[in-house]
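Next come the chains, spelled out residue by residue.
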Amino acid sequence: QESWLNLLAARYSSRIFAVEKELLLSNLEMRSVNISDQSWSLLKGGNGDGGEQRPILQLPGAVPPLLDDTGDCTLILIFPRDQRAGGCVDHHHTVEDPYDLACKVFLSGDNPHSADTLRNFQYIKEGEELDMELYQADIRARFLEILGHSGIIVNQFPSLDKDEDFVTLSLPLEGPTIQFMAQRLGYSMPLRREAYAKVKPNGPYPGLEPMKNFDGHEVLAYDRFSIEGKDHFSSFRKVDAIRLLEFWLDRWVSLDVMQEQGVISGYYPCPDPEELEDMHHTILSCSGFLPANQLKGILSVRRYFGDQMAFFSRFMMHLCNALIYLAFIGAGFWIARRTVLGDEQGEIGRTAVAAFVSVWAAIMLQVFKRHTCRVRQIWGVTSDEEPIVQLNPDWDYELKRSNCGFFVNLGALLYIVVYVAAIFSVLAWQFQLDEKSVLYSYSSLILVAVIKGGNLVWSKLAPCLVSLENLRTERAYSEKLSALLAGVKLFVANWPFFSHAFLTNFIEKKCGNTLEEVAADAWEGFDATQVSSESMKVLKNLAFRKDDKICLPGCVPDDWRKMDSFAGTTCDDDLRANLMTYFFILIAVELAFLLLPIVLSYVEILKEYRKVQSADAEEGSSTYTFLQWEAKKFPYIFDSWGGDKINDYLEVAISYSVIVCWGSIAPVVAVFGCIQFFVSYRLRIYRMLYVTRRPQPRVAAGLGIWSSIFQTINVSAVAMNVGLICFFYYPGNTLPLWKRLALFLIAEHVVLMLQSTVQFLIPESAHDVEEIKFYNEHTTSLLRNTTGKTHRDFVQPTPFSHINLATNPENLVTDDDDDSA
């Protein structure tokens, strides 16, 4: 003990040493639990390996050789040193209201006992200012005090620049610590397959083994872990240890608040080299396209990143595979249009593609929902709620803003109004341009710039608006931000095409005193004497009167000589050019923002590695480790180079909406969209493995709010595609307005009925899922009663000698009984 105190005295200033000394003297058992031989060596200046030679790994990605120091690490916390030691903590800074700040760190509403930590403060007093040095020392001492009673193994080592300290927390996968945490937190775990041997066949329940679903996969039951029935449960995985450790810490301390106050500069789950390498070979290799490896890759993602990331990966793979069919349709149409189909047949072909896309989108999403129902049962997730509610780090329980939601939604609506006005201005300007003008060739790029600019501005405004609502939980904040970003950004991305396809006809009209005058303005070289009677009839049907003027709509047939046979409109070329330009730029921007972090991360890590090599040349040792490499990665948070859940889903949703709503205008976009999704999925996986710091694994029962967003896109796609058929494509664009409206109402309801038929034929919850659900509930109930005491051990026997339930209690005899006798 004396040697340990001397080490601390040498490491810290006298004031900090006093806090640590008080802590250790009052918690002697903490040393035996938390301080291992490795951490002792680290504090004395050694490398902490105890003489053991650790392997040097070379991962398949673009990373340098790394010394494997992960061991049994579960969670990493990075503590910055003060400026005297080369760190960033300003030890002279005065902390105002330190007690209130400390309460935010240690008080947990779900754990009344967390208030006990506040009584042990050495320097933090209510209503008194404090130097940052003493504030940090007191907070860190109390944090170590919490760890001292946890049974967690704690180790420490310095960063490469000696400006930070890495503290690793290890929760063993076996033993009483993780078992107690799992039971205390009500953590759900799968049963062992062997546990079913105690379940005897009974009625509809087969017993003796788990049931299999229609896909041939065994479905194990999940139940809350209990120490009494521990032999019935499967072994804990590393991802379970990470989640349990985070939930347990959340009951005693807020790591997010510690990071916000600068006590720690970051925390994250420890990486696993074997899992990283396995995911790389399973997903990123050429064999990753095989169906068997796709499923294996999703399971490896779940083991490493948790349910939330696994469902996103599964949806991406499902969408990629489904888009192959659409890509074949688009490629076939593109080839046929240039070989065998004439203009009129090609226009009718676009009508068929639009109808097919509407039904395809419904089938794609419904099949995914049905598969998700089975996967959810296999993975044992029933909701998106965590065992311990994850609070929003910015939530202020003293701040009440009940009406802010209305004003946030109003702000989103006002932004849409301003954006619509901007798009109308650009389209009106584009419509007025001469086709021979230099600006006309760049008009599509200008429109795309307005769309991307609108998206960029809103991505900065939306988080500010959502923060005004002061939402309590992390999930509520994420869902609100997702809904706000998706609602506006999807509108921003699709509105220009909607306006061009359906509103240009009525807004950008041409008017004159006579029909011939207006026609001459609409078509260069128009000659009324050369117009056939059938074409003239079509022309008169297009014309309408307004303010004593004869007007033609904004979209008129391309060729005034062939209006009676086929009518590709003047808007068609502009809309196709705008769509193709936007989609290709969308792909380029998305791929650029996936590739750029990879390059930035590689350059940064390469600089660090060279710095280490130059230092190693003098010291003669290799010190660039796996955990230090992980610390240099970008975090997986909103608007980070490392990506985030919201923007990952949002980028997919925008590309998907453009394909299903407007892809029939240029069906070949489905081909490029399919390639884009395959490439972007693999780049995202690469980014998560080698660029993004491992995020906290989160539970999920599907896509969450994004399932509703994609369903809304599908419903919108029906309206857009039917609208294109009735108002934009031939022969619908040649019909009178009232016939178009009638056709639109009928066709839209027909397609919606087809989508409803698909949902009826492919229900979300399958019959086998229900059967397995009841069987597993029967199994868990039975196994709970086989452990510990039964009901009979707690109650007195019920006397029933005075009860007579005979069918003839008075032994009455009838005449029939006498005759039979």
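Scroll up a little and you will see the structure.
Values in this document were obtained by computation on a predicted structure and should not be read as measured data. (Residues numbered from 1 in each chain as written. Predicted model: local features only at pLDDT ≥ 70, side-chain atom pairs only at ≥ 80, totals over all residues. Heavy atoms only, no water.)

(A) A look at the sheet that holds strand 6 (residues 153-158). Reading across from one edge, 6-7-3-10 is the order of the four strands in this open sheet, with antiparallel pairing throughout. Looking at which strands have only one partner, the edges of the open sheet turn out to be strand 6 and strand 10 (266-269). The average angle at which neighbouring strand axes cross in this sheet is 20 degrees, direction not considered. The pairing of strand 3 (residues 75-80) with strand 7 (residues 164-170) spans six bridges and is classified as antiparallel. By the bridge assignment, Leu77 is partnered in strand 7 with Val167. Across the sheet, helix 6 (residues 132-148) lies against strand 3, strand 6 and strand 7, angled at about 160 degrees from strand 3, the strand it touches most. (Pairing = 2+ DSSP bridges. Helix = DSSP H or I, 4+ residues; strand = E, 2+ residues; numbered from the N terminus. Axes fitted to C-alpha atoms, helices over the stretch in contact; angles between N-to-C directions. Contact = heavy atoms within 4.5 Å.)

(B) Looking closely at the environment of Phe333. Position of Phe333 among the secondary structure elements: in helix 12 (residues 307-339). Taking the relative accessible area as the measure of exposure, Phe333 reaches 11% and is therefore buried. Separated by 20 residues in sequence, Phe333 and Val353 have C-alpha atoms that sit 8.7 Å apart. Those residues within four positions of Phe333 in sequence are excluded, and the remaining contacts are Gly346, Gly349, Arg350, Val353 and Pro667. (Buried < 20%, exposed > 50% of the residue type's maximum accessible area, 1.4 Å probe, protein only.)

(C) Here's a closer look at helix 5 (residues 98-106). For helix 5, the full list of buried residues reads Pro98, Tyr99, Ala102, Cys103, Val105 and Phe106. Down the axis of helix 5, the buried set is contained in an arc of 155 degrees. They therefore lie on one face. If you follow the buried residues of helix 5, they end up packed against strand 4 (94-95), strand 5 (130-131), helix 6 and helix 9 (255-260). (Arc of directions from axis to C-beta.)

(D) Region of interest: the packing of aromatic side chains. Inspection of the entire model under this criterion finds 28 aromatic pairs. Ring centres of Phe593 and Trp641 lie 6.1 Å apart, and the angle between their planes is 15 degrees; this geometry places the pair in the stacked category. One end of the pair, Phe593, is in helix 19 (residues 570-619); the other, Trp641, is in the loop between helix 20 (626-631) and helix 21 (645-662), and 48 residues separate them in sequence. With relative accessibility at 35%, the residue Trp641 sits in the partly exposed group. Here the aromatic residues Phe491, Trp495, Phe497, Phe498, Phe502, Tyr582 and Trp662 are joined through ring pairs into a cluster of three or more. For Lys633, the ring lying beneath its charged end belongs to Trp629, and the centroid distance is 3.8 Å. (Phe/Tyr/Trp six-rings, centres within 6.5 Å; stacked < 30°, edge-to-face > 60°. Lys NZ or Arg CZ within 6 Å of the ring centre and 35° of its normal.)

(E) Spatial organisation of the nonpolar core. Ranked by size, the top nonpolar core spans 130 residues in total, and within it Trp629, Tyr656, Trp662, Trp706 and Phe710 carry the most contacts. When near neighbours in sequence (up to four residues on either side) are disregarded, Trp629 contacts Leu59, Val63, Leu66, Leu276, Ile605, Tyr624, Leu689 and Tyr690. Listed in part, the 59 residues of the second largest apolar core include Phe121, Leu130, Phe247 and Ile264. (Core = buried A, V, L, I, M, F, W, Y, C linked by side-chain atoms within 4.5 Å.)

(F) Structural detail: the state of the cysteines. If you walk through the whole model with that rule in mind, you get two disulfides. Covalent S-S linkage joins Cys73 and Cys270, the inter-sulfur distance amounting to 1.6 Å. Of this pair, Cys73 sits in the loop between strand 2 (66-67) and strand 3 while Cys270 is found in the loop between strand 10 and helix 10 (273-284), placing the two residues 197 residues apart along the sequence. When sorted by exposure, Cys73 lands in the same class as Cys270, which is buried. (Disulfide = S-S within 2.5 Å.)

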